[in-house]
Amino acid sequence: QVQLVESGGGLVQAGGSLRLSCAASGRTISSKTMAWFRQAPGKEREFVARITWSGITTNYADSVKGRFTISRDNLKNTVYLEMNSLKPEDTAVYYCAAEGATTGRYAYWGQGTQVTVSS
């Protein structure tokens, strides 16, 4: 089993920055694709970014491309999401997820961390 704990959320003004962290325990995530998702009030959860086990390949939702950067430190069993030029529409609960045995399916999820961007 993999346990994921997100941190780093908070309240920030539009244009500001935040860095989210996702610390894994239980099993190493070094071989797993990791991703960030978010869910705004009244909306469905949406994909934000993903990173392969090596960190070489990353993908982003169009809405965050150029503003957010996903990275990982496999020695620390941690994944990060650097968020810059934040907008009020980025307000959501951000979740970290780890891919399970099936490629493309995220089997492990954290509890989420709230990000609120004020205008």
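Residues numbered from 1 in each chain as written. Predicted model: local features only at pLDDT ≥ 70, side-chain atom pairs only at ≥ 80, totals over all residues. Heavy atoms only, no water.

Asks: Please set out the state of the cysteines residue by residue, giving values where relevant.
Replies: Tallied over the entire structure, the rule returns one disulfide. Across a sulfur-sulfur distance of 2.0 Å, C22 and C96 are joined as a disulfide pair. Around the S-S axis, the bridge from C22 to C96 shows a dihedral of about -75 degrees and counts as left-handed. With a gap of 74 residues between them, C22 in strand β3 (residues 18-25) and C96 in strand β9 (residues 92-99) connect regions that are remote in the sequence. (Disulfide = S-S within 2.5 Å. Helix = DSSP H or I, 4+ residues; strand = E, 2+ residues; numbered from the N terminus.)

Asks: Go over the packing of aromatic side chains with me, naming the residues and quoting the values.
Replies: Evaluation of the coordinates by the stated rule reveals four aromatic pairs. With 4.9 Å between their ring centres and 55 degrees between their planes, F37 and W109 make a pair best called tilted. One end of the pair, F37, is in strand β4 (residues 34-39); the other, W109, is in strand β10 (residues 106-109), with 72 residues separating them in the sequence. On the basis of relative accessible area, W109 is assigned to the partly exposed category, the value being 28%. R19 extends its terminal NZ or CZ atom over the ring of Y80, reaching a point 4.0 Å from the ring centre. One cation-aromatic arrangement involves R45 over W109; the distance from NZ or CZ to the ring centre is 3.8 Å. (Phe/Tyr/Trp six-rings, centres within 6.5 Å; stacked < 30°, edge-to-face > 60°. Buried < 20%, exposed > 50% of the residue type's maximum accessible area, 1.4 Å probe, protein only. Lys NZ or Arg CZ within 6 Å of the ring centre and 35° of its normal.)

Asks: Account for the nonpolar core, with residues named and values stated.
Replies: Core analysis: the biggest nonpolar cluster contains 30 residues, and L4, M34, W36, L81, M83 and Y94 have the highest contact counts within it. Among the elements of the structure, β3, β4, β5 (46-51), β7 (68-73), β8 (78-83), β9 and β11 (113-118) are those that each provide at least two residues to this core. (Core = buried A, V, L, I, M, F, W, Y, C linked by side-chain atoms within 4.5 Å.)

Asks: Run through the sheet that holds β7, naming residues and quoting values.
Replies: Strands sit in the order β1-β3-β8-β7 across an open sheet of four strands; the sheet is antiparallel. Looking at strand neighbours, the two that pair on one side only are β1 (3-7) and β7, the edges of this open sheet. Within this sheet the neighbouring strands show an average axis-to-axis angle of 15 degrees, counted without direction. Direction of pairing for β3 relative to β8: antiparallel, over a ladder of six bridges. Counted as the bridge partner of L18 is M83 from β8. (Pairing = 2+ DSSP bridges. Axes fitted to C-alpha atoms, helices over the stretch in contact; angles between N-to-C directions.)

All quantities given are derived from atomic positions and should not be read as evidence of function.
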